[in-house]
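# Structural characterization, general
Chain residues, written in single-letter form:
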Amino acid sequence: MRIRTHALAAATVVAAATATLTLAPNVPTATAAAPAPTVSDLNADGYADLAVGVPDATVDGRTKAGYVNVVWGGPKGPGAHGSTRVSQARPGVPGTPETGDRFGAAVAVADVDGDGVADLVIGTPGEDVTGSGTDAGTDAGTVAVLRGGKGGLSTAGRTVANGPSASAAYGKSVTAADLTGDGATDLAIGATDTVVLAPNGGPRSTVVTSPMGGRAPALATGDFDNDGTADLAVAYWTRNQPYTQSHVRLWSWEPSESRLLNIWNTDNAGVTALASGDFDGDGHDDLALGECREIADENIDDPCGPEEYAKGGGIHLHYGDATRFSAREQTLNQDTPGVYGRAEAGDRFGASLAVLDWNGDGRDDLIAGAPGEAIGTRAGAGAATLLLGRSGGLVDPSGEATSVAYHQNTPGVPGIAETGDAFGTAVATGDYDHDGTPDAAIGTPGENEKSGGVWLLPALSPTGSSAITPTRLGLPSPSTALSYGRTLSSH
């Protein structure tokens, strides 16, 4: 089984675009396949579940203490089968709700304990850690795991890692995979200016330490060197903090040294999101760099492809082969033929990414969010685009892509595109109704004056699509904006 996960850095809504997006008129029909094992099933009922991080929520009167809302899948998809709110006020969850904890700033779903049921991994970068030794400090941050099981989440959570010092902010980003080759799921944790490995059952170690501009490092995993063990991809960049730099790097486990070794780099590529998948169906993992742009303008081998593709946000692809990455690369944006819309500054095309095989052809497809996209005159209303993988990848030899776009003015999609909705800030996939075809969840944190919501597209079709919002789920009315949908679980 190939291992593919993806995660993204914390997104910033940009309401500065003027393009008008058009729905694709002709798109191949998805073909249902036999339902696959559900990797994000937290309650062992056979349906994928969706975890929504709400780090800006007030809990027990503590502003931005945060919680995670688990929306249960079922025959009618998420939203029809209830949800569970998980915070540090829940019995068994490590810690207590405190102002600024931001519990749920990062969320991942993976089988951490190896019992065959998905578990919930939660990052809390604002957690104050107290105690003796080095594990103490304000905003040191923490990462916890809540076990999934038949009937729902366990009340017995455990702390995986605490930040070692004040402002370390462990838990800005998280991803999970077997990174050490021992068959157990490990965690990679993004923090302030660092990424650490928290092996399952072993001591944590530093992967990389470097200025990261205050952003959450983007993380993804895939078997890029074809050794049967997942590798870790990390992207980070700064501008004049204290100097300008940008990197995408890969690390692979070296058993003889019992640590991750840096095996590949591309410099001067400022990236917001990463995703791995086999987009050309050749059996090798490829790496997608979302919203890729040159930061320092040093012309280092065009790390994001031709400069014109950076306009509005470009997606740059490195295709894998038997040795790691081949010389074949592709770049696309909204000016690429077959990609709907028009590339304009502030679109943020590729700011969020999710991978799926929508049409069951053995080639992975890519969903790209563009939260800054204008719909008509509505700046920053946002959009998401499904890009289909083919034998040549996401772009065919003639330079064309096949895609379909979604936004709140798409016929059949609920709501109305409004300024600042930021539809597409986060994207996730899962077979939430277990019909054999993956569905899409699209985060829209600017909806309803930043109360937010998540739009659900069964089999990525506007027909039967729905929106889940805090009001619909009966979540507490906040004294501050929830921005529900800014953070969705990766797996």
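In what follows, the structure referred to is the one given above.
Residues numbered from 1 in each chain as written. Predicted model: local features only at pLDDT ≥ 70, side-chain atom pairs only at ≥ 80, totals over all residues. Heavy atoms only, no water.

### Focus on the state of the cysteines
Tallying each qualifying case throughout the model produces one disulfide. The residue that forms a disulfide with C292 is C304, at a sulfur-sulfur distance of 1.9 Å. Residues C292 and C304 are joined by a disulfide whose S-S torsion is about -65°; by sign, that bridge is left-handed. A residue pair is termed long-range when its members are at least 10 positions apart, and C292 in strand β19 (residues 286-294) and C304 in the loop between β19 and β20 (314-320) qualify at twelve residues. Here C292 matches C304 in class, with each residue buried. (Disulfide = S-S within 2.5 Å. Helix = DSSP H or I, 4+ residues; strand = E, 2+ residues; numbered from the N terminus. Buried < 20%, exposed > 50% of the residue type's maximum accessible area, 1.4 Å probe, protein only.)

### Structural notes on the packing of aromatic side chains
By the definition in use, this model includes three aromatic pairs. Feature note: the residues F224, W264 and F325 constitute an aromatic cluster, connected by ring pairs. The aromatic ring of W237 is capped on one face by R215, whose charged end is 3.4 Å from the ring centroid. The ring centre of Y319 lies 4.0 Å from the NZ or CZ of R328, which sits over that ring. (Phe/Tyr/Trp six-rings, centres within 6.5 Å; stacked < 30°, edge-to-face > 60°. Lys NZ or Arg CZ within 6 Å of the ring centre and 35° of its normal.)

### With respect to a negative patch on the surface
A cluster of like negative charges, contributed by D301, D302, E307 and E308, occupies part of the molecular surface. Checked against the element boundaries, D301 lands in the loop between β19 and β20. The class of D301 is exposed, set by a relative accessible area of 73%. (Patch = residues over 30% accessible without salt bridge, like charges linked within 9 Å, V, L, I, M, F, W, Y side chains within 5 Å. Areas by Shrake-Rupley, 256 points an atom, 1.4 Å probe, with all protein chains shown as cover. Salt bridge = Lys/Arg side-chain N within 4 Å of Asp/Glu carboxyl O. Lys, Arg positive; Asp, Glu negative; His and termini not counted. Charge placed at Lys NZ, Arg CZ, Asp CG, Glu CD.)

### What about the sheet that holds strand β29 (residues 466-468)?
Here we have four strands laid out as an open sheet, ordered β26-β27-β28-β29, and antiparallel in their pairing. Of all the strands in the sheet, just β26 (426-430) and β29 have a single pairing partner and so form its edges. Here the strands of the sheet are splayed against their neighbours by 25° on average, with no regard to which way each runs. Of the strand pairs in this sheet, strand β27 (residues 439-443) and strand β28 (residues 454-457) are connected by four bridges, and their pairing is antiparallel. In the sheet register, A440 faces β28, and the bridge partner there is L457. (Pairing = 2+ DSSP bridges. Axes fitted to C-alpha atoms, helices over the stretch in contact; angles between N-to-C directions.)

### Description of the sheet that holds strand β22 (residues 352-356)
Pairing within the open sheet is antiparallel, and its four strands lie in the order β22-β23-β24-β25. Strands at the two margins of the open sheet, each flanked by one partner only, are β22 and β25 (403-406). Within the sheet, the average angular offset between the axes of one strand and its neighbour, ignoring direction, is 20°. Sheet analysis places strand β23 (residues 365-370) next to strand β24 (residues 383-387), joined by five bridges and oriented antiparallel. Paired with L366 across the bridge in β24 is L387.

These results come straight from atomic positions and should not be treated as a statement about function.
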